[in-house]
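Close look at the chain arrangement
Listed here are the chains, written in short residue letters.
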Amino acid sequence: KQIRYTDFDQMEYMPEIASTLDIYADEITTSTVFNPIVEIDCSNREIKDIISTLLYNVLNIESNLFGWARGMCKYGDYFLYLDIDENVGVKSVIGLPPSEIERLEGEDKTNPNYVQYQWNSGGLTFENWQIGHFRILGNDKFAPYGTSVLEASRRIWRQLSLQEDAM
């Protein structure tokens, strides 16, 4: 996992690849008055208002979603630490570095669905409800993690990088 993430970081130094990530994120987060970033479809007005407050006031998706989407496209995963107050709910979120987060599954033999997240360099372990894990699914090769949109070009990029270094 770490080698892939290092490659993705290096790949971004190519302007064509950086622009591609920008385009992906822009397409994901483009909105208009008629087509909002997130449309909340709920018949219960109170629930709809709570979700709207969470998305727009607490998570501030209008400012943050572009960066989150770009990071998810780049790495295939994006992790948000959810700062949760027992009485208030989610107070804020903090993006965590995808290359440093490990998803722990199958650690509890009595509960095979138990998931935790470990921040390796931070020396912290989080419960499933403390982390929002966004991932691009479709390629089981990297499960339980997502697949970067850059993955298909990674081998060719490495070959070109090696050729460039040899010159």
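Residues numbered from 1 in each chain as written. Predicted model: local features only at pLDDT ≥ 70, side-chain atom pairs only at ≥ 80, totals over all residues. Heavy atoms only, no water.

Quick look at the overall build of the chain now. Scanning the chain from N- to C-terminus turns up five helices and six strands. For the chain, the N- to C-terminal ordering of α and β elements is α-α-α-α-β-β-β-β-β-β-α. When the backbone C-alpha atoms are referred to their principal axes, the chain occupies close to 65 × 50 × 25 Å. Here the chain, with 167 residues, has 31% of them falling under the buried criterion. Of the contacts formed within the chain by residues at least 6 apart in sequence, a portion of 55% connects residues at least 24 apart. (Helix = DSSP H or I, 4+ residues; strand = E, 2+ residues; numbered from the N terminus. Buried < 20%, exposed > 50% of the residue type's maximum accessible area, 1.4 Å probe, protein only. Contact = heavy atoms within 4.5 Å.)

Glancing now at the layout of surface pockets. A water-sized probe rolled over the atoms picks out the places where empty space is left. By volume, the largest pocket is sized at about 280 Å³. For the largest pocket, the lining is made up of 14 residues, of which Ile61, Leu65, Trp68, Leu80 and Phe134 are closest to its centre. At the level of secondary structure, the elements contributing two or more residues to the lining of the largest pocket comprise α4 (61–75), β1 (77–85) and β6 (131–135). For the lining of the largest pocket, the leading source of residues is α4, giving five residues. (1 Å grid on protein atoms, 1.4 Å probe; cavity = no way out; pocket = protein on both sides within 12 Å on 5 of 7 lines; lining within 4 Å. Points joined across faces, edges and corners; volume = space filled by probe spheres on them.)

Turning to the pairing of strand β4 (residues 115–119), a few remarks are in order. Direction of pairing for strand β3 (residues 101–105) relative to β4: antiparallel, over a ladder of five bridges. By the bridge assignment, Glu105 is partnered in β4 with Val115. Here β4 pairs with strand β5 (residues 124–127) via four bridges, running antiparallel. Within β5, the residue paired with Tyr117 across the bridge is Phe126. In this structure, the hairpin formed by β4 and β5 is closed by a connection of four residues, where Gly123 is found at a positive phi of approximately 65 degrees. (Pairing = 2+ DSSP bridges.)

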